[in-house]
Amino acid sequence: MLKTIHAAAEAGQTDDVLRFIAQGTRVNDRDVRGRTPLMAAVHGNKPETASTLIEAGADVNIQDQRLDNMLLYASAEGLRKMVELAIKAGADTRLTNRFGGTALIPASDRGHVDIVEILLKCTDVDVNHINNLGWTALLEAVILGDGGTRHQQIVALLLQHGADRLITDRDGITALAHARRHHYKEMERMLTQS
């Protein structure tokens, strides 16, 4: 048996996690990084262990020292099962990461089409939330994306779900202007359609 519930959770050793809980370890105890056992399971991408912890009362909304929680981290890393578990457990989509962004923003810039689709279709996430950099998910998909198929699909999804194409970055530049600057022709086409 590993010596901490966090190590057991990150390794996906669900039986050991349950033993720790049975011996009195609290399910939302934090490690030196501010992670709960649930966040350790998310870092290890161990959905079965995460599910067990949620059933045992783990709080999906607790944020660690980096301001990550289950939904924020899993969305940024493209961990679909973890995102689905977090949503099912009532994750708060208004919580933001250390950049002031919701889960939708890093999922968009990193090209996680399936995560973006789940967040837009299955949650109340704010499609036009502006992070600390002054960027929305749409701006990030264009600015930080590669202009390829995945980011094109994300731009299309964001627009279908009400992304405001007129919101500018701090320099007053729209997503369309960024797409033109990068020569992302397909994104430019999508952003000019009414």
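Our structure is the block above this text.
We now turn to the structure provided with this report. (Residues numbered from 1 in each chain as written. Predicted model: local features only at pLDDT ≥ 70, side-chain atom pairs only at ≥ 80, totals over all residues. Heavy atoms only, no water.)

## Quick notes on the side chain of Thr52
Stated formally: Here a helix means four or more residues in a row that DSSP labels H or I, a strand means two or more in a row labelled E, and each is numbered from the N terminus. Whether two residues are in contact is decided by their heavy atoms: any pair within 4.5 Å suffices.
Residue placement: Thr52 occurs in helix α4 (residues 47–55). Setting aside residues no more than four positions away along its own chain, Thr52 makes contact with Thr14 and Leu18.

## Let's talk about the environment of Thr102
Tracing the backbone shows Thr102 in the loop between α6 (80–88) and α7 (104–109). Between the alpha carbons of Thr102 and Met82 there is a distance of 16 Å; along the sequence they are 20 residues apart. The contacts of Thr102, once residues within four sequence positions are left out, are Leu72, Thr93, Leu95, Thr96, Val125 and His129.

## Notes on the nonpolar core
Put simply, the test is: To form a nonpolar core, buried Ala, Val, Leu, Ile, Met, Phe, Trp, Tyr and Cys residues must be joined to one another through side-chain atoms within 4.5 Å. Each residue's exposure class comes from its accessible area (1.4 Å probe, protein chains only) as a fraction of the maximum for that residue type: buried when under 20%, exposed when over 50%, partly exposed otherwise.
By size, the foremost hydrophobic cluster in this structure holds 59 residues, and its most contacted members are Leu38, Val42, Met70, Leu104 and Leu158. Aside from chain neighbours lying at most four places away, what touches Leu158 is Leu104, Ser108, Val116, Leu120, Val127, Ala137, Leu138, Ala141 and Ala163.

## Regarding the packing of helix α2 (residues 14–22) against α4
For clarity, the threshold we go by: Interaxial angles span 0 to 180 degrees and are taken between N-to-C directions of axes, which are lines fitted to C-alpha atoms, for helices over the stretch in contact. Every angle not falling under 35 degrees, over 145, or within 65 to 115 is termed oblique; those three ranges are roughly parallel, roughly antiparallel and roughly perpendicular. The hand of a helix crossing depends on one turn: near helix anticlockwise from the far one by less than a right angle means left-handed, and clockwise means right-handed. In the scheme used here, Gly and all other residues not listed as nonpolar or charged are polar, with Ala, Val, Leu, Ile, Met, Phe, Trp, Tyr, Cys and Pro taken as nonpolar and Asp, Glu, Lys and Arg as charged.
Orientation of α2 relative to α4, taken along the N-to-C sense of each, is 25 degrees, at an axis distance of 9 Å. Overall, the two elements α2 and α4 adopt an arrangement that is roughly parallel. The hand of the α2/α4 crossing is right-handed. Between α2 and α4, the residues in contact are Thr14, Val17, Leu18 and Ile21 and Glu48, Thr49, Thr52 and Leu53, respectively. Considering only residue class, the contact of α2 with α4 consists of four nonpolar, three polar and one charged.

Shape is all these values report; function is a separate question.
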